[in-house]
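Examining the three-dimensional arrangement
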Amino acid sequence: MFKSIRWRIVIPYVVLILTAMGALSFYLTRVVRNSTLEDVQTNLVTSARAVREGVRPVFTTGEEAGVSPDALADRWADLLGRRVTLISAEGVVLGESHAESVLMANHLRRPEVQEALVTGSGYATRQSETLGIEMAYAALPIMDAAGEVAGYVRVAVPIGEVAAEINQLRNTILTAALLTSLVAGLLAVVIAERTAGPVRRLTAVARRMAEGDLDARLYVTSNDEVGTLTRAFNHMGEQLREKVDTLAEERGRLASVLELMADGVLITDDAGRVQLINPAAADLLETTEGDALGQSFAQVVRHHQLIEVWQRCQEAGQEQAETVEIGQRDLFLQVIITPLHDGQRSSLGDGQRSSQRDGQRSSQRDGQRSSLVILQNLTPIRRLQTVRRDFISNISHELRTPLASLKAVVETLRDVALDDPEAARRFLDRADHEVDALTQMVQELLELSRIESGKAPLRLSPTSVADIVLPAAERLQPQIERNELELIVDLPSGLPRVLVDAARVQQVVTNLVHNAIKFTPAGGRITVSAKEEEGMVVVRVRDTGVGIPATDLPRIFERFYKTDRARSSGGTGLGLAIARHLVQAHGGEIWAKSKEGKGSSFYFSLPVAEQDAETGEGAGSAGG
Ligand code: ADP
């Protein structure tokens, strides 16, 4: 507690006052004592003179005054209120007011008597041998007519009385000094409080700021140094607030950039632990921020090739870039790892910066450095490249067969068949058929690319499902009959209308039913049905045909994909790809289920028209 400003002011102040007052009391007491004693001396000498005049005849003339020297001494003592001693020239005490003169020793050697003999006036303060108390003495010689010393008078007063007077005076002075010190001490406390108070308030606010409350401010109450300090402090608070706000803003911006970035970003510290990971990186590495932070890079990425690239960067201290394939997850990543310098690291959110300024050197010391890892997901690009490559190889493959067959027809015609009109017609029919197939393929391809590029805008209108299914069924009825199949259209009443481009969805149904016809042996059955499900109408085309092998099932919607069994059939492998694009353009999905040898079911969903979703209007009121 004595470390506080208050006590540092109060204690020296009080000590100073006490010392000053003590010295003053001491000095005053000395002065008063001396002057009192001087007074006593003067007084005693004057008294002695008076006594000398009164008793002179006894010594000089030798006449008896009618009284004994003792009585005389007593009388003078009464008169003056002092002790009076009459001493002969030889030192014998003739009269004494305060003791028995006859019992008293020779006084010639008393200091005051000696002094009186030598100088004509003696004075001494000392212990009285006769009375045993301290006394002040004044002695004067009495001269006879011949100028010889006839005796001495001595007047004395106990010094104790004087001392008591002096003590009283000293006490008064001391009391005054104490009172003054007390008042001064209180004053010191008040002054110290007034000085320390603002400092204390300043400290409290500084502490609040340190704890994070940057809005804490002080009222400026004075214009003195403390006022200036307070103003400076408030200004500092504002600056700090601004700086922190700016930093927080920058940090927030950086955080949201990292958050929204499509590329994965990861920072490791110089101990190789993950210090920052953005959601994209967490997704790519199948982890979470919470799991990854603080873990080693190897634990987080769990992929030897990535770890190798990182280690190479650690060893070389230079940027490393590589494409890495994570096989089991079908991921294809471009990884770029850059060593970070201290400054870069801190601006990217390094919480535990090492105290050493030169991070580069400190990290090299342990053979580790912090680094920035960027992961770019190249999987979609790679997939696109594969699709394009496949597409080209598929299309050339698909073109090759009809072209080779055309070539053969033309050669045969030229070489032999021209002379045989019957055969020539047959060959021309073949050629016509191949050209038709080629035309269909080109048309389908064009159609697909138009849909894909969004150049075939949909004319959406609320349409009843019957208006979609029935025209397609009718169109395919002759083929059904030709293949000795049965087609059942089973639409429940009360189906809501769907918001579609009717012609396009009819094409989807046609494609699906046409496939069903192709892959169902004679005597089979094809059923088209529909039902409402969660705001969508799901249409199903089911057949009792050959089915699709489980390995092919996920791929049948790809362009040019055909199962082995279908290779010989005339299809292009584009029908389902077109159907998928059309359904997706309507906001729906298409999928298939199948059991080889038992038949297949194709499903697609279409969005219910909004009015119908609200009013529950049935298919019966469909307008087409
Ligand atoms: P395609 O013009 O060859 O029919 P699609 O894209 O319409 O091309 O169909 C792709 C492949 O899916 C077909 O070659 C066939 O192997 C298979 N497929 C489609 N529908 C059926 C079905 N109903 N039953 C069995 N296999 C089918």
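Report on the accompanying structure.

What counts, and where the lines are drawn
- Residues numbered from 1 in each chain as written.
- Predicted model: local features only at pLDDT ≥ 70, side-chain atom pairs only at ≥ 80, totals over all residues.
- Heavy atoms only, no water.
- Salt bridge = Lys/Arg side-chain N within 4 Å of Asp/Glu carboxyl O.
- Helix = DSSP H or I, 4+ residues; strand = E, 2+ residues; numbered from the N terminus.
- Buried < 20%, exposed > 50% of the residue type's maximum accessible area, 1.4 Å probe, protein only.
- Contact = heavy atoms within 4.5 Å.
- Expected span 1.5 Å × (residues − 1).
- Bend = angle between axes of the 7 residues up to and from the residue.
- Pairing = 2+ DSSP bridges.
- Phe/Tyr/Trp six-rings, centres within 6.5 Å; stacked < 30°, edge-to-face > 60°.

Note on pairing: side chains with opposite charge can pair once their charged atoms come close. Per the stated rule, a full pass over the model turns up 23 salt bridges. Put simply, Glu422 and Arg425 hold a salt bridge, and the shortest N to O gap is 3.9 Å. With Glu422 and Arg425 both in helix α13 (residues 421-452), this residue pair falls three residues apart, about one helical turn. Each of Arg52, Glu53 and Arg56 takes part in one network of salt bridges that share partners.

Here Gly588 is to be found in the loop between α16 (575-585) and β16 (590-595). For Gly588, a relative accessible area of 4% puts it in the buried group. Spatially, the C-alpha atoms of Gly588 and Asn106 are 149 Å apart, while their sequence positions differ by 482 residues. Ignoring sequence-local partners within four residues, the contact set of Gly588 consists of Met536, Val583 and Ser605.

Another point: helix α4 (residues 159-210). In a regular helix each residue adds 1.5 Å, so 52 residues correspond to 76 Å; α4 covers 72 Å between its end C-alpha atoms and thus fits that length. Along α4, the largest kink reaches about 30 degrees and is centred on Ala196; proline Pro198 follows within four residues of it. Just past α4, the residue Gly212 takes up positive phi, approximately 115 degrees.

With that settled, the discussion passes to the side chain of Ser405. Within the secondary structure layout, Ser405 lies in helix α12 (residues 379-415). A relative accessible area of 14% means that Ser405 is categorised as buried. Excluding residues within four positions of it along the chain, Ser405 makes contact with Arg430 and Glu434.

Backbone geometry at Glu286 places phi at a positive 50 degrees, although glycine is not the residue there. The residue Glu286 is located in the loop between α6 (279-284) and α7 (289-292) in this model. At Arg302, a position not held by glycine, the phi torsion is positive, near 50 degrees. Mapped onto the secondary structure, Arg302 falls in the loop between α8 (297-301) and α9 (304-316).

Looking now at the pairing of strand β9 (residues 331-339). Note on strand geometry: in a regular strand, side chains alternate between the two faces of the sheet. Taking burial as the measure, the nine residues of β9 include eight buried ones, the bulk of the element. Once strand β8 (residues 320-326) ends, the chain turns through four residues before running back antiparallel as β9, passing Asp330 with a positive phi of about 55 degrees.

Under the definition given, this model contains four aromatic pairs. When the ring of Phe391 is compared with that of Phe560, the centres are 5.5 Å apart and the planes differ by 40 degrees; the resulting orientation is tilted. Here Phe391, found in helix α12, pairs with Phe560, found in the loop between β15 (536-543) and α16; they are 169 residues apart in sequence, far enough to count as distant. The exposure class of Phe391 is partly exposed, given its relative accessible area of 22%.

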